[in-house]
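Okay, here's what each chain looks like letter by letter:
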Amino acid sequence: MTSARVSQRIGSIAESATLAVDAKAKALKAAGRPVIGFGAGEPDFPTPAYIVEAAIEAARQPRFHRYSPAGGLPELKQAIAEKTLRDSGYEAQASQVLVTNGGKQAVYNTFATLLDPGDEVLLPTPYWTTYPEAIRLAGGVPVDVFAGPEQGYLVTVDQLEAALTERTKILLFVSPSNPTGAVYSPEQVAEIGEWAASKGLWVVTDEIYEHLTYDGVPFTSIATAAPALGDKVVILNGVAKTYAMTGWRVGWMIGPADVIKAATNLQSHATSNVSNVSQMAALAAVSGPLDAVDEMKVAFDRRRKAMVSGLSAIDGVNCPTPHGAFYAYPDVRELLGKEIGGIRPATSAELAALILDKVEVAIVPGEAFGPSGYVRLSYALGDADLAEGVGRIQEFLATAR
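Model, not experiment: these values are computed from the prediction. As a convention, each chain's residues are numbered from 1 in the sequence order in which they are written. Totals for whole chains, interfaces and linings use every residue, but because this is a predicted model, local features are given only for residues with pLDDT of at least 70 and side-chain atom pairs only at 80 or more, for both listing and counting. As a rule here, side-chain values come from all non-hydrogen atoms in the structure, and water together with hydrogens is ignored.

Enquirer: How should I be thinking about the packing of aromatic side chains in this particular structure?
Expert: The relation between two aromatic rings is expressed through the spacing of the ring centres and the mutual angle of the planes. To pair, rings of Phe, Tyr and Trp, with the six-membered ring standing in for Trp, must have centres within 6.5 Å; the planes then decide the type, stacked if under 30 degrees apart, edge-to-face if over 60, and tilted in the middle. Applying the stated rule across the entire model yields 12 aromatic pairs. Measuring from ring centre to ring centre gives 6.1 Å for F146 and Y374, while their planes differ by 50°; the resulting arrangement is tilted. Residue F146 is found in strand 4 (residues 141-146), and its partner Y374 is found in the loop between strand 11 (364-365) and strand 12 (375-378); the two are separated by 228 residues along the sequence. Taking the centre distance of 5.5 Å and the plane angle of 85° together, the rings of Y209 and F326 count as edge-to-face. Of this pair, Y209 sits in the loop between strand 6 (202-206) and helix 9 (222-225) while F326 sits in the loop between helix 12 (291-312) and strand 9 (327-328), and the two are 117 residues apart along the sequence. Summary of the burial criterion: residues with accessible area below 20% of their type's maximum are buried, those above 50% are exposed, and those between are partly exposed, where the area comes from a 1.4 Å probe applied to protein chains only. For F326, a relative accessible area of 0% translates into the label buried. Chaining the aromatic ring pairs together yields one cluster made of F45, Y209, F300, F326 and Y327. Put simply, DSSP marks the helices as runs of H or I at least four residues long and the strands as runs of E at least two long, and each gets a number from the N terminus on.

Here you go:
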């Protein structure tokens, strides 16, 4: 009797496309190539000093050298509840918080806790590359609901209604969006939330980019904009993007007590507690001022404008202006099939590979986030690198015929 060496369940998981592109760019750079990477959604700023100092102090305390509760340090859970009330207007108790090893574990824990095999999740598309994999790994079925640049990458209630079936259990809602930078208006958020409540759906809302909005566009939490959802809402968040703490690996989920208890049981067997030193750094972050965040946002806003201006100047590239996060998501469908650098790319994946090969600029193709025909570029990198990278792309794509 023969059997596969790797299980079908794990073997079917696709590698994170964004991390793969970032890894390739870093490997080429380490080999001495002048590669500029627009792949990873990672602020180029160091973690603010007061947060680092809190971690150093924690590392000196023997109590943090030991196991701590699997669900998170009590003081951090309380601080997260208070921060969520401050920023999202959503009132939760510390017992409704689970601290996770980064935002990705919060995503997986949530779907694993809520989904039974065959349950469907409405997934507004373009989506972050991890969502469909986490849904499938948990036994669920992602149902793509695509919104293109013609509608600002924002799905409508009519589209969600058309995708609804008797197996639908969850609506995943993300605003500001990765990968598009789209932000739903308060009215749109309320309308979608009320619709989900009227259908008896759970809403899982990822709020990790809550502090990164521009042009006076507000962040609106669906958990508070649609009170009719009651306790059928789970909020996902973390310190990675807001505080330039991607490597510290601290995220969380907030939800009804029974769901959080079940997810905590799962985590107790999967990983136990998040690193205590990282948790104390996160405590300093969420309970401290937002001054450092505001400084970073000024830089992101400047880079956002420069990137949109530079990409929009390229014939065949349509780059909607993102109002949140730190990504641009240009439409490159007009370029596909044209001859560029002696090759005719038929897909955005082929176009991205061509750009990396010919001008050593790493971008992520739309296939990682949904349909082909688009690319994602992060503007969370230095101004000089951004200008150089966009300049190389402009010069190369100007040869398209």
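Structure's up, so let's keep going.
Enquirer: Before we go on, may I ask you to explain empty space enclosed by the protein in this structure?
Expert: Over the atoms, a rolling probe the size of a water molecule traces out where space has been left empty. Using a 1 Å grid laid over the protein atoms alone, points where a 1.4 Å probe fits but cannot get out form a cavity; open sets with protein on both sides within 12 Å along at least 5 of 7 lines form a pocket; any residue with an atom within 4 Å of a point counts as lining. Grid points are joined across faces, edges and corners, and a volume is the space filled by probe spheres set on the points. Under the defined criterion, the tally for this structure stands at two cavities of 30 Å³ or more. Of the pockets and cavities examined, the largest cavity occupies roughly 150 Å³. Among the secondary structure elements, those contributing two or more residues to the lining of the largest cavity are strand 3 (120-125) and strand 5 (168-174). When residue character is reported, Ala, Val, Leu, Ile, Met, Phe, Trp, Tyr, Cys and Pro are called nonpolar, Asp, Glu, Lys and Arg charged, and the others, Gly included, polar. Along the lines of polarity and charge, the residues of the lining of the largest cavity split into 14 nonpolar, four polar and no charged. If you trace the second largest cavity, you find it lined by L311, I314, V317, P330, V332, L351, I355, I363, V375, L377, I393 and L397. Of all the secondary structure elements, the ones that give two or more residues to the lining of the second largest cavity are helix 13 (348-359), strand 12 and helix 14 (383-397).

Enquirer: How should I be thinking about the pattern of salt bridges in this particular structure?
Expert: Opposite charge on two side chains makes pairing possible when the charged atoms of those side chains draw close. Salt bridge criterion: a side-chain nitrogen from Lys or Arg within 4 Å of a carboxyl oxygen from Asp or Glu. Evaluated as defined, the whole model comprises 19 salt bridges. Here R63 makes a salt bridge to E75, at a shortest N to O gap of 3.9 Å. Here E75 lies in helix 4 (residues 74-88) and R63 lies in the loop between helix 3 (49-59) and helix 4, a separation of 12 residues in the sequence. Judged by its relative accessible area of 52%, R63 falls in the exposed class.

Enquirer: Mind showing me how you'd approach helix 5 (residues 102-114) here?
Expert: Side chains that are three or four residues apart share a direction in an α-helix, a result of its 3.6 residues per turn. To estimate how far a helix should reach, multiply one less than its number of residues by 1.5 Å. With 13 residues, helix 5 should reach 18 Å at 1.5 Å per residue; the first-to-last C-alpha distance of 19 Å fits that figure. Listed as buried for helix 5 are G102, Q105, A106, V107, N109, T110, F111 and L114.

Enquirer: It is not clear to me how the sheet that holds strand 7 (residues 233-238) should be interpreted in this structure. Could you clarify?
Expert: Backbone-to-backbone hydrogen bonds pair the strands of a sheet. The strands run either parallel or antiparallel. Each pair of strands is called paired provided DSSP finds at least two bridges between the two strands. One open sheet holds the seven strands; their spatial order is 2-8-7-6-5-3-4, and the pairing between them is mixed. Here the strands that pair on one side only, and so sit at the sheet edges, are strand 2 (97-100) and strand 4. On average, each strand axis in the sheet is tilted by 20° relative to the strand beside it, whichever way the strands run. When strand 2 meets strand 8 (residues 251-254), the two strands line up antiparallel, connected through four bridges. Paired with V99 across the bridge in strand 8 is W252. Lines are fitted to the C-alpha atoms to define the axes, a helix being fitted only along its stretch in contact, and any angle between axes, read from their N-to-C directions, falls within 0 to 180 degrees.

Enquirer: Would you explain the environment of T129 in this entry?
Expert: Residue position: T129 is located in the loop between strand 3 and helix 6 (130-137). T129 gets classed as buried once you look at its relative accessible area, which sits at 10%. Considered as a pair, T129 and D385 are 256 residues apart in the sequence and their alpha carbons are 25 Å apart.

Enquirer: Can you help me understand the packing of helix 4 against helix 11 (residues 276-287) in this one?
Expert: The relative placement of two packed helices comes down to the angle between their axes together with the axis-to-axis distance. Orientation of helix 4 relative to helix 11, taken along the N-to-C sense of each, is 30°, at an axis distance of 9 Å. One finds that helix 4 runs roughly parallel with respect to helix 11. In terms of crossing hand, the pair formed by helix 4 and helix 11 is left-handed. On the side of helix 4, the interface is formed by E75, L76, A79, K83 and R86, while helix 11 contributes Q279, M280, A282, L283 and V286. Looking at side-chain class alone, the contact of helix 4 with helix 11 contains six nonpolar, one polar and three charged residues. Here the angle decides the label: under 35 degrees means roughly parallel, over 145 means roughly antiparallel, 65 to 115 means roughly perpendicular, and every other value means oblique. A crossing counts as left-handed when the near helix is turned anticlockwise from the far one by less than a right angle, and as right-handed when that turn is clockwise. Any two residues whose heavy atoms approach within 4.5 Å are treated as being in contact.

Enquirer: What is the right way to read the side chain of T242 from this model?
Expert: Structurally, the position occupied by T242 is in the loop between strand 7 and strand 8. When near neighbours in sequence (up to four residues on either side) are disregarded, T242 contacts I208, H211, V293 and M296.

Enquirer: For this particular structure, what's the right way to read the packing of helix 3 against helix 11?
Expert: Here helix 3 crosses helix 11 at 145°, and the two axes come no closer than 8 Å. The chirality of how helix 3 crosses helix 11 is right-handed. From helix 3, Y50, I51, A54, A55, A58 and A59 reach across to helix 11, where they touch V277, M280, A281, A284 and A285. Here the contact of helix 3 with helix 11 is composed, by residue class, of 11 nonpolar, no polar and no charged.

Enquirer: Honestly, the pairing of strand 6 in this entry has me stumped. Any pointers?
Expert: Remember that side chains alternate between the two faces of the sheet whenever the strand is regular. Burial analysis of strand 6 places five of its five residues in the buried class, the great majority of the element. Where burial is concerned, the two faces of strand 6 agree: the one with W202, V204 and D206 and the one with V203 and T205 are both buried. As paired elements, strand 5 and strand 6 share five bridges and run parallel to each other. Looking across to strand 6, one finds that F173 is bridged to T205. Crossover handedness is defined here as right-handed if the route from the first strand over the helix to the second strand goes clockwise, with the strands pointing away from the viewer. Following the backbone out of strand 5, through helix 8 (residues 186-198) and into the adjacent parallel strand 6, one traces a crossover that is right-handed. Summarising the sheet, strand 6 and strand 7 pair through four bridges and their orientation is parallel. Bridged to D206 within strand 7 is L236.

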